[in-house]
Amino acid sequence: MTEDHQSLFGRRTRQMQEHTVQLVTFELGAATLALDISAVQEISRNSQLTKVPHAPKYVRGIANLRGDVVTILNLHSHLGILANPATKESRILIIKDASETVGLWVDRVSDILPVQVRDLSPPPNNLQGISRTYVQGVFQANGKLILKIDLQNLLNCCHNHSPPAAALCL
């Protein structure tokens, strides 16, 4: 292969990679959701949570993660999905937010998928309210429609505590 061909091949490979995102998929009830994997610091099996008295519904509890106290958010509450009891497949997605580390309680982590950006569709116009606030896009994989979550909106809801955001969390 000539140097020109190698350069062209390298450019094409970089362009393809630039248009692909890695998403971690997970389940909440019957819904399959996804987050950009770059937002996930780790996936934890730690199920030893301490309940916090008088905490908002969206706080499942707090956990000790190697000496750091981490607030565990209940995504079921945020998304209006009935909460399932903890199982051996329950996981916590540890997210490093700008100001703190938080955990997102999920029923099961499914997969890590490379998704072409062009395959992400905007949320349907008929999604209203809470659903529209937290859904960044929709894509199809493994015969299912998967909702890509807008993590920043999800976290801002809890951090801002403004009346409209707080109402969405409850």
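Residues numbered from 1 in each chain as written. Predicted model: local features only at pLDDT ≥ 70, side-chain atom pairs only at ≥ 80, totals over all residues. Heavy atoms only, no water.

A.B. asks: Would you mind going over the side chain of H76 in detail, with residue names and values included?
C.D. replies: Here H76 is to be found in helix α2 (residues 75-79). For H76, the side chain forms a polar contact with the side chain of D107, separated by 3.1 Å. Not counting chain neighbours up to four residues away, the residues in contact with H76 comprise L28, G29, I81, L82, A83, N84, W105 and D107. (Helix = DSSP H or I, 4+ residues; strand = E, 2+ residues; numbered from the N terminus. Polar contact = N/O pair within 3.5 Å; in protein donor to acceptor, adjacent residues only side chain to side chain. Contact = heavy atoms within 4.5 Å.)

A.B. asks: So, the sheet that holds strand β3 (residues 40-44): which residues are in play, and what are the values?
C.D. replies: Read from one edge to the other, the open sheet built from five strands follows the order β3-β6-β7-β5-β4, with strand pairing classed as mixed. Among the strands making up the open sheet, the edge pair consists of β3 and β4 (59-65). Pairwise comparison of adjacent strand axes, ignoring direction, gives a mean angle of 30° for this sheet. (Pairing = 2+ DSSP bridges. Axes fitted to C-alpha atoms, helices over the stretch in contact; angles between N-to-C directions.)

A.B. asks: Describe the pattern of salt bridges, with residues and values.
C.D. replies: Opposite charge on two side chains lets them pair, provided their charged atoms get close. Using the criterion set out here, one finds four salt bridges in the structure. A salt bridge links K144 to E27, with the shortest nitrogen-to-oxygen separation between them at 3.9 Å. Residue K144 is found in strand β10 (residues 144-149), and its partner E27 is found in strand β1 (residues 20-28); the two are separated by 117 residues along the sequence. Judged by its relative accessible area of 38%, K144 is partly exposed. We note a salt bridge from E89 to R108, for which the minimum N-O separation is 3.3 Å. With a gap of 19 residues between them, E89 in the loop between α2 and β6 (91-96) and R108 in strand β8 (residues 108-116) connect regions that are remote in the sequence. (Salt bridge = Lys/Arg side-chain N within 4 Å of Asp/Glu carboxyl O. Buried < 20%, exposed > 50% of the residue type's maximum accessible area, 1.4 Å probe, protein only.)

A.B. asks: Residue-level account of the sheet that holds strand β9 (residues 135-141), with values.
C.D. replies: Strand-to-strand pairing in sheets goes through backbone hydrogen bonds, with the strands running parallel or antiparallel. Strand order in this open sheet of five strands is β8-β1-β2-β10-β9, and the pairing throughout is mixed. Edge strands, defined here as strands with exactly one partner in the open sheet, are β8 and β9. Shown here is a sheet whose adjacent strand axes are inclined to one another by a mean of 35°, direction ignored. Direction of pairing for β1 relative to β8: antiparallel, over a ladder of eight bridges. When the bridges of β8 are listed, V21 appears paired with V115.

A.B. asks: Please set out the pairing of β6 residue by residue, giving values where relevant.
C.D. replies: In terms of burial, β6 is largely enclosed, as five of its six residues are buried. Pairing analysis gives four bridges linking β3 to β6, with the strands arranged antiparallel. Along β6, the bridge assignment pairs E42 with I94. The antiparallel pairing of β6 with strand β7 (residues 101-106) creates a hairpin that spans four residues between the two strands.

A.B. asks: Tell me about empty space enclosed by the protein, residues and numbers included.
C.D. replies: Within the structure shown, the criterion is met by one cavity of 30 Å³ or more. Residue lining of the largest cavity: S44, N46, A63, L65, V70, I72, I92 and I94, and that is the complete set. Secondary-structure elements contributing two or more residues to the lining of the largest cavity are β4, β5 (68-74) and β6. Grouping the amino acids of the lining of the largest cavity by side-chain chemistry returns six nonpolar, two polar and no charged. (1 Å grid on protein atoms, 1.4 Å probe; cavity = no way out; pocket = protein on both sides within 12 Å on 5 of 7 lines; lining within 4 Å. Points joined across faces, edges and corners; volume = space filled by probe spheres on them. Nonpolar A, V, L, I, M, F, W, Y, C, P; charged D, E, K, R; others polar.)

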